[in-house]
Amino acid sequence: MDEETLFIVSQTFKALSDPTRIRILYLLFQGEHSVNEIAEKLSLLQSTVSHQLRFLKNLRLVKFRREGTTLFYTHDDEHVMDILRQTIEHALHH
C-alpha cells in the first residue's frame, strides 16, 4: 500500500473514531441539514458542529450547498456511510 492511500485510510478511521463526528454523519445520512439544525438536533454548540464539519469536509466525507447565508450539509461518500452503517449494525447485535 502506498503512503497516500495509507494516510487516507488512517484519516477516515480517525474521522469515524470520534463520537461527535459519528453522530453528525449518522444525522446527515438521514438527510440534508444546516449547521444550526445539526447543532439543535444533537444538542451541540454551533462552533463545535462547524469545526467537525470542516474536518469531515476536508476528508470529502461531507459536502455542502449554500442557500443565501445558510450552508446545508449532506454526506458525500457512500463507501464510508456503508462502513458506518455496518459498524452500527454490528454494535446492535452484541
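Every chain begins its residue count from 1, and numbering advances along the sequence as written. At least 70 in pLDDT is required for a residue's local features to be given in this predicted model, at least 80 for side-chain atom pairs to be given and counted, and no such filter applies to totals for whole chains, interfaces and linings, which use all residues. Side-chain descriptors were evaluated using all non-hydrogen atoms of the structure, hydrogens and water having been removed beforehand.

Undergrad: So what exactly am I meant to see when it comes to helix α5 (residues 78-92) here?
TA: Note: α-helices contain 3.6 residues per turn, so residues at a spacing of three or four share the same orientation. Here α5 contains 15 residues, and its C-alpha end-to-end distance of 21 Å stays within 8% of the 21 Å for a straight helix at 1.5 Å per residue. Residue exposure (1.4 Å probe, protein chains only): buried if accessible area is under 20% of the type maximum, exposed if over 50%, otherwise partly exposed. For the purposes of this entry, the term helix denotes a DSSP run of H or I that reaches at least four residues, the term strand denotes a run of E that reaches at least two, and both are numbered from the N terminus. When α5 is considered as a whole, its buried residues turn out to be V80, M81 and L84. Buried residues along α5 cover an arc of 100 degrees about the axis, so they all sit on one side. Those residues of α5 that are exposed and angled more than 90 degrees off the buried face are H79 and Q86. By definition, residues are in contact when any of their heavy atoms lie within 4.5 Å. Buried residues along α5 sit in contact with α1 (3-15), α2 (19-30) and β3 (70-75). To estimate the expected span of a helix, count its residues, drop one, and scale the result by 1.5 Å. The arc under discussion is defined with respect to the helix axis, by the directions toward the C-beta atoms.

Undergrad: Honestly, the packing of helix α3 (residues 35-42) against helix α4 (residues 46-58) in this entry has me stumped. Any pointers?
TA: A pair of packed helices is characterised by two quantities: the angle between their axes and the separation of those axes. Axis definition: a line fit to C-alpha positions, over the contact stretch in the case of helices; interaxial angles, taken between N-to-C directions, run 0 to 180 degrees. Close contact between α3 and α4 brings their axes to 9 Å; oriented N to C, the two are set at 115 degrees. In the crossing of α3 with α4, the sense of the turn from one axis to the other is right-handed. Across the interface between the two elements, V35, N36, I38 and A39 from α3 touch Q46, V49, S50 and L53 from α4. Charged means Asp, Glu, Lys or Arg here, nonpolar means Ala, Val, Leu, Ile, Met, Phe, Trp, Tyr, Cys or Pro, and polar covers whatever is left, Gly included. Split by residue class, the contact of α3 with α4 holds five nonpolar, three polar and no charged. If you view the pair so one helix is near and one far, a crossing is left-handed when the near helix is turned anticlockwise from the far one by less than a right angle, and right-handed when it is turned clockwise.

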